Amino acid sequence: MDRMEPLRRIEAGVLDVAYFEAGPAGGPPVVLLHGFPYDIHAYAEVAPRLAAQGCRVVVPFLRGYGPTRFLSTATPRSGEQAALGADLLALLDALAIERAVLAGYDWGGRAACVVAALWPERCAGLVSLNSYNIQDIGRAMAPDTPANEQRLWYQYYFHSARGAAGLANDRRALTRLLWQSWSPTWTFDEATFERSAAAFDNPDFVDVVIHSYRHRFGLVTGDPAYAGIESRLAAQPAIRVPAITFDGVDDGVRPPADASAHAAKFSGLRTHRWVPGAGHNLPQEAPEAFADAVLELVRATPSYSLPTP
């Protein structure tokens, strides 16, 4: 699939959400969620695989990306995890999706984890890169290993006015560098990068990104509208829905971890897998593995019906 078009739009919560949809309207719903700095085209090969198997596939642009817009100029341009989770919940409500398999990575994986943890009745199953992706903001200032700290240079860069200006002045050069660093074994061409980079021209992109990377370290306050959700997330709630978690062996953000590293955060059935030759943008680098995991959860949901492979 070249471009994921045509796009649809719907008002959901504080956003006018632009999204791509494929597959039969009555099929088992699946929501695919992209990360930073990527867009819906991370699922350009995953979405048609799922649609061909009978799934209703919804792929939204997150707040601050692509054609998605805030409905009001007065809404804080927050990138906090509670806002991402609330956006996903509002989208499910707007689309009248009672329950869906939620799949994502990076920011999108965080949104999926938030909904899976706090509203498990809305999540039939979870696919998440880097396992438990809910931030423990209360412990954000505890240092990691030097090697892992080095990987997070961009986050510390965004804490400063210089970093915010750097992103605003040349968002393509900076995000291209992150693509290369985070997926060192993925060879993407300029057309593939530009297809996604156009989403970073959103007028709220810089504000949402900077707020996200400052809020997760407790350096700025969040949107008061999400204070209740953030309070619940501070307790690091366990995820009890069926889950398949991944690590890319070549992930330049987080090195792969054994399943035991996050075992306490999953109280339901969970399978953890490593994907050789894949980095941080897993659905675009290993679309078959990602799509197969989603289908595995769909087929394991008693109320869903798909043809037997």
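Residues numbered from 1 in each chain as written. Predicted model: local features only at pLDDT ≥ 70, side-chain atom pairs only at ≥ 80, totals over all residues. Heavy atoms only, no water.

Quick look at the overall build of the chain now. Scanning the chain from terminus to terminus reveals twelve helices and nine strands. Taking 2.2 N^0.38 as the reference for a compact globule, 309 residues should give roughly 19 Å; the C-alpha atoms of the chain span a radius of gyration of 18 Å, in line with that estimate. Considering only C-alpha atoms, the chain reaches an extent of 55 × 40 × 40 Å along its principal axes. Of the contacts formed within the chain by residues at least 6 apart in sequence, a portion of 79% connects residues at least 24 apart. (Helix = DSSP H or I, 4+ residues; strand = E, 2+ residues; numbered from the N terminus. Rg over C-alpha atoms; globule rule 2.2 N^0.38 Å. Contact = heavy atoms within 4.5 Å.)

To continue, consider unusual backbone geometry. Each neighbour pair has its own omega, and for Glu-5 with Pro-6 the value is 0°, a cis peptide bond. Within the secondary structure, Pro-6 is located in the segment before β1 (8–12). The omega angle of the peptide bond from Phe-36 to Pro-37 is -10°, so this bond is cis rather than trans. On the secondary structure map, Pro-37 appears in the loop between β3 (29–33) and α1 (46–52). Located in the positive-phi region is Asp-106, a residue other than glycine, with phi close to 55°. Of note, Asp-106 is situated in helix α3 (residues 106–118). Owing to a relative accessible area of 9%, Asp-106 belongs among the buried residues under this scheme. (Buried < 20%, exposed > 50% of the residue type's maximum accessible area, 1.4 Å probe, protein only.)

With that settled, the discussion passes to the packing of aromatic side chains. Here the structure, examined in full by the defined rule, presents 29 aromatic pairs. Look at Phe-36 and Phe-158: their rings are 6.3 Å apart centre to centre, the planes differ by 80°, and that puts the pair in the edge-to-face class. Separated by 122 residues along the polypeptide, Phe-36 in the loop between β3 and α1 and Phe-158 in helix α5 (residues 153–158) bring together distant segments of the chain. There is no split in this pair, since Phe-36 and Phe-158 are both buried. Aromatic rings pair up to connect Phe-36, Tyr-65, Trp-107, Trp-153, Tyr-154, Tyr-157, Phe-158, Trp-182, Phe-200, Phe-205 and Tyr-213 into one cluster. Above the ring of Trp-119, the side-chain terminus of Arg-232 is found at 5.6 Å from the ring centroid. The side chain of Lys-265 reaches across the aromatic face of Tyr-132, ending 5.4 Å from its centre. (Phe/Tyr/Trp six-rings, centres within 6.5 Å; stacked < 30°, edge-to-face > 60°. Lys NZ or Arg CZ within 6 Å of the ring centre and 35° of its normal.)

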